[in-house]
Structure formats: structure tokens, C-alpha cells
Amino acid sequence: MNPGDRVRVDRADRTYEGVLLPSSTDDQLVVKLEGGYNVGVDRGEADVEVLAEDVYRIDGTDAAGDDGASEIEFDDDLPTISLISTGGTIASTVDYRTGAVTAQFDAEDVLRAVPDLAGRANYRGRVVANILSENMEPSIWRDLAQAVREEIEAGADGVVVMHGTDTMQYSASALAFMLETPVPIVFTGSQRSADRPSSDNVMNAVSAVEAAKSDCAEVMVCMHATESDDRCALHRGTRVRKNHTSRRDAFETVGAEPLGEVEYETETVEFRRAYQERGASELELRDDLEGDVELLKFTPGMDPAFLDVVEGSEGLIIEGTGLGHVHTDLIPRIEELIADGTTVVMTSQCLEGRVCDRVYDTGRDLLEAGVVEAGDTLPGTAKVKLMWALANSDDVAEAMGTSLAGEIQERSVPWE
């Protein structure tokens with residue numbers, strides 16, 4: 001029997017029928033069931049009957065050359081897309097010896113995991129990190145930005161960054177501030193692992209590649225627009241937020257429509273808002289970051305002693321209530337922090353709307369203390385921006401109040 005054969009596997013009191021898949025070990029049989037799930041069975045404990053040969057074509061796993069390098073034929077008529085991995089599940093396979101989902105990285109691996117990508121572009125694969133996205137750090141943002149620059153300098157017509165979903169919005173913001181790009185940079189990921197029938201990895205990856213071939217030379221996040229497999233939304237990297245823990249359409253553009261969408265069946269990319277066009281900017285990297293910046297969410301009854309933790313920090317983002325408020329008892333301590341050299345920036349914990357500390361007395365007191373307003377910048381984006389501004393701007397307050405990468409909108413109005 002060979003991968004691609006339809007088989008019936010009897011083990012103890014269970015029977016499995018489906019297509020035999022390649023296995024990571026000779027001791028295991030891997031069968032794709034009719035429902036879409038895969039099952040691994042110990043070969044020595046199973047009786048196997050081949051029902052039909054070669055019912056499904058499965059490429060061999062030994063596609064790399066003798067030196068282990070990825071070998072992909074290039075077509076001069078196709079654009080070149082760089083696939084950069086930081087970890088996550090979008091291009092992962094299941095090791096049935098351990099039961100773990102294992103990330104696969106080079107271009108050959110990605111094409112094997114998502115064969116629908118074949119024929120859409122020429123690909124180059126590159127690994128920047130292999131981490132869970134909650135372990136993302138500013139130093140890796142710098143490595144990622146440098147890798148993206150090198151890929152564009154080497155001729156990539158677009159870049160797709162495969163990233164875990166939990167902190168994708170932070171990484172997308174970081175690259176939006178660190179890079180001026182003449183080509184699209186598209187972040188994508190997967191909410192559900194590749195062995196699940198409901199996995200979103202194929203559609204997200206395909207749509208991200210189509211977006212990377214488009215005319216929009218911005219940092220974008222490409223994820224499911226709905227729970228169905230119909231289209232992906234393209235979110236500006238500085239305005240996107242993960243708003244659900246597990247839904248496939250977890251990501252939303254806050255306060256506006258997404259930049260555009262990718263229709264999966266027709267493979268068309270449509271933009272609905274103004275964007276920076278391909279080739280409009282020269283490639284530039286400014287990747288210095290000030291790491292000593294914190295984000296603090298104010299809640300009623302908060303002890304002012306919480307601010308002692310950030311004493312001496314270079315920067316502090318406060319996620320205030322409403323228009324940008326905190327308890328009046330915190331204001332003297334905030335003023336002390338600012339006097340000692342900490343840049344304090346106010347954002348709002350409301351999902352939409354902007355900070356305006358000139359309406360109420362508390363806000364006016366905060367402004368008098370030296371707090372900087374961040375408009376309608378999302379709190380997470382504001383933290384990344386302040387890290388960048390402290391390292392790159394001569395006037396941090398002015399930078400935080402100016403839209404540098406689409407993070408501040410001109411007006412805060414309902415859009416639906």
C-alpha cells in the first residue's frame with residue numbers, strides 16, 4: 001500500500017476508512033477520514049485492507065535536493081512572493097507520533113502544506129522565528145523588519161508573513177512604523193490547525209498571496225471576513241484588532257471598513273478605501289525601538305501604587321475611560337512620572353472614538369500635567385508607536401498626535 005490508496009484499517013473494536021497519508025514514522029499509519037479529520041494508528045496493532053489504489057495523488061515528501069535546500073521551479077511570468085514564518089499554525093502539519101502540531105517553514109514545506117498556493121507565484125521561504133505568538137518580543141520585530149527589507153531588496157514583489165494570531169496586530173503595527181515599503185506586506189495566520197475540517201489556513205494563505213500581488217503597498221492583515229469560506233478581509237496593520245478568541249473571522253478593523261477584501265472563489269482583490277500604491281515609496285527601514293514602554297489599563301478603584309511599577313520607564317500608555325480619563329487621585333502621581341522624564345500617552349479603552357481631554361475637568365488636569373493625547377489610536381498600536389517614536393522622533397508628543405501609518409483617522413464617525 002502507498003500514500004493515496006483508499007484503505008480500511010481495523011484496530012481492536014474500531015474501523016477507519018479513508019485515504020492513506022504520508023506518516024512521520026514507519027510505526028504509524030495516518031488516514032484521512034471522510035469527515036476531513038486525520039487519525040493516526042499504530043501499524044503493528046492494525047489490520048489494513050487496500051480498497052482502491054491511487055485514488056488521490058499525494059506528492060512525495062523527499063522534494064528537497066541532496067543538500068537539503070528547497071527546490072522550486074521559477075516561472076518568469078509570475079511575481080515572486082516571499083513567505084516569512086515566525087511560527088503559528090498556518091503552515092503546520094501534525095506529527096502523529098507525538099500528536100503535536102508542528103510548524104513547517106521553507107517554501108517547499110509551505111507548498112506541501114497548502115498546495116493551493118502552487119502556480120500563483122514564485123516563492124521564497126524564510127524563517128525568522130519559531131515561537132508561539134504570545135512570546136513575541138520587540139527584538140523579533142526588528143529581526144522580522146530586517147528580513148522583510150532584505151527580501152524586498154532581493155526582488156520580492158510582495159511579502160507574506162505567517163504569524164500566530166494572538167499578537168499579530170502588534171507585529172503588523174511594528175512593521176508599519178519601521179518600514180516604508182514599495183510593495184505589499186501581508187500578515188496572515190490560522191485560528192484552527194491544519195488537520196481540522198474547519199481550518200482556515202488554506203483560504204487565508206491563498207488570499208494573503210493574492211493580496212501580496214496587489215497594488216496596495218501597505219502593511220495589512222489578511223484573515224477570514226466571515227465564518228464562511230467566501231472571502232478574506234484586508235485590514236490596515238495599525239487599525240486591526242483581534243476581537244474573538246476562536247472564531248475564524250476574529251479580526252476587525254476598528255472604526256472603519258477594512259481596506260479591502262479578497263474573494264476566494266474568483267481570486268479577485270477589491271479595495272474600498274484609499275491606500276498607498278505599489279512603488280509610491282522608496283524602501284526604508286528605521287527599526288530602532290525603545291523597549292522600556294508599558295501599557296496600563298485604568299479601572300475604578302485602582303491603587304495609585306500601580307504607577308510605582310512604571311517609575312523610571314521611558315514611556316507609558318494609559319488606557320483610560322471614555323474620552324481619556326483616570327481617577328483624579330492618580331493625576332499627581334502621573335505628573336510626577338512626567339516630571340521625571342516618562343512620556344505618558346492617553347488612549348481610550350472604548351473600541352471606537354477618540355481621546356479628547358479638553359471636555360471635562362479631569363481631562364484638562366491631565367493635559368496640564370503633561371499627558372499626550374493619541375487621538376483614536378488603538379492602545380496596542382499606541383504602545384508600539386511610542387516605542388518607535390521614542391527611538392526615532394525628535395518630537396515624541398507631535399509624533400504621537402500625527403498619523404504616521406494610518407493609525408489615526410481624521411474623524412471618528414459610525415461607518416456601518
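Residues numbered from 1 in each chain as written. Predicted model: local features only at pLDDT ≥ 70, side-chain atom pairs only at ≥ 80, totals over all residues. Heavy atoms only, no water.

### A look at a negative patch on the surface
1) Next: A contiguous patch of negative charge on the surface is contributed by Glu335, Asp361, Asp365 and Glu368.
2) Next: In terms of residues, the negative patch owes the most to one element, helix α6 (residues 361-369), which gives three residues.
3) Next: Here Glu368 is to be found in helix α6.
4) Next: Of the residues examined, Glu368 reaches a relative accessible area of 68% and is grouped as exposed. (Patch = residues over 30% accessible without salt bridge, like charges linked within 9 Å, V, L, I, M, F, W, Y side chains within 5 Å. Areas by Shrake-Rupley, 256 points an atom, 1.4 Å probe, with all protein chains shown as cover. Salt bridge = Lys/Arg side-chain N within 4 Å of Asp/Glu carboxyl O. Lys, Arg positive; Asp, Glu negative; His and termini not counted. Charge placed at Lys NZ, Arg CZ, Asp CG, Glu CD. Helix = DSSP H or I, 4+ residues; strand = E, 2+ residues; numbered from the N terminus. Buried < 20%, exposed > 50% of the residue type's maximum accessible area, 1.4 Å probe, protein only.)

### As for a nonpolar patch on the surface
1) Next: A surface patch of nonpolar side chains, amounting to about 210 Å² of accessible area, comprises Met1, Val48 and Val50.
2) Next: Mapping Val50 onto the fold places it in strand β5 (residues 47-52).

### Quick word on the sheet that holds strand β9 (residues 122-127)
1) Next: The mixed open sheet is built from eight strands, whose spatial order is β9-β6-β10-β12-β13-β14-β17-β18. Single-partner strands in this sheet number two, and they are β9 and β18 (268-271). Neighbour-to-neighbour, the strand axes of this sheet turn through a mean angle of 25°, independent of strand direction.
2) Next: The sheet contact formed by strand β10 (residues 158-162) and strand β12 (residues 185-188) spans four bridges and is parallel. Among the inter-strand pairings, Val159 is bridged to a residue of β12, identified as Ile185.
3) Next: In the packing of helix α2 (residues 138-153) onto the sheet, contacts are made with β6 (80-85), β9, β10 and β12, and the angle to β6 comes to roughly 160°. (Pairing = 2+ DSSP bridges. Axes fitted to C-alpha atoms, helices over the stretch in contact; angles between N-to-C directions. Contact = heavy atoms within 4.5 Å.)

### Points about the nonpolar core
1) Next: If you look at the biggest cluster of nonpolar residues, it comprises 46 residues, and the most contacted ones within it are Trp141, Val148, Leu175, Met178, Ile185, Phe187 and Val221.
2) Next: Counting residues per element, the ones that place at least two in this core are α2, β10, α3 (168-178), β12, β13 (219-224), α7 (379-392) and α8 (396-400).
3) Next: Beyond its immediate sequence surroundings of up to four residues, Val221 is in contact with Met168, Ala172, Phe187, Ala233, Leu234, His235, Val240 and Phe251.
4) Next: Ile81, Leu83, Ala121 and Met162 belong to the second largest nonpolar core, which has 25 residues in total. (Core = buried A, V, L, I, M, F, W, Y, C linked by side-chain atoms within 4.5 Å.)

### Re the sheet that holds strand β21 (residues 315-320)
1) Next: Across the sheet, four strands lie side by side as β20-β21-β22-β23; this open sheet has parallel pairing. The sheet is open, and its two borders are formed by β20 (293-297) and β23 (372-373), each paired with just one other strand.
2) Next: Sheet strands touched by α7: β20, β21 and β22 (343-348). Its angle to β21, the strand with the most contacts, is close to 160°.

### Here we look at the packing of aromatic side chains
1) Next: Going through the model one piece at a time under the given rule, you end up with two aromatic pairs.
2) Next: Ring centres of Phe271 and Tyr275 lie 4.6 Å apart, and the angle between their planes is 45°; on these two criteria the pair is classed as tilted. (Phe/Tyr/Trp six-rings, centres within 6.5 Å; stacked < 30°, edge-to-face > 60°.)

### Considerations on the packing of α3 against α7
1) Next: Contact geometry for α3 and α7: axes closest at 9 Å, N-to-C directions at 35°. In this structure, α3 crosses over α7, and the sense of that crossing is right-handed. Every residue of α7 that contacts α3 at Tyr170, Ser173, Ala174, Phe177 and Met178 is listed here: Gly380, Thr381, Val384, Lys385 and Trp388.
2) Next: Broken down by class, the residue content of the contact of α3 with α7 amounts to six nonpolar, three polar and one charged. (Left-handed = near helix turned anticlockwise from the far one by under 90°. Nonpolar A, V, L, I, M, F, W, Y, C, P; charged D, E, K, R; others polar.)

### Here we look at the pattern of salt bridges
1) Next: Considering all chains together, one arrives at 26 salt bridges under this definition.
2) Next: With a shortest N-O distance of 3.0 Å, Glu210 and Arg120 are connected by a salt bridge. With Glu210 in helix α4 (residues 201-212) and Arg120 in the loop between α1 (107-113) and β9, this residue pair connects regions lying 90 residues apart in the sequence.
3) Next: By relative accessible area, which is 13% here, Arg120 ends up buried.
4) Next: Across the pair Arg333 and Glu311 runs a salt bridge whose closest N-O atoms are separated by 3.3 Å. Highlighted residues: Arg333 in helix α5 (residues 331-339) and Glu311 in the loop between β20 and β21, separated in sequence by 22 residues.
5) Next: Overall, the relative accessible area of 48% leaves Glu311 in the partly exposed class.
6) Next: Within the structure, one salt-bridge network assembled from shared partners comprises Arg120, Glu210, Lys213 and Glu267.

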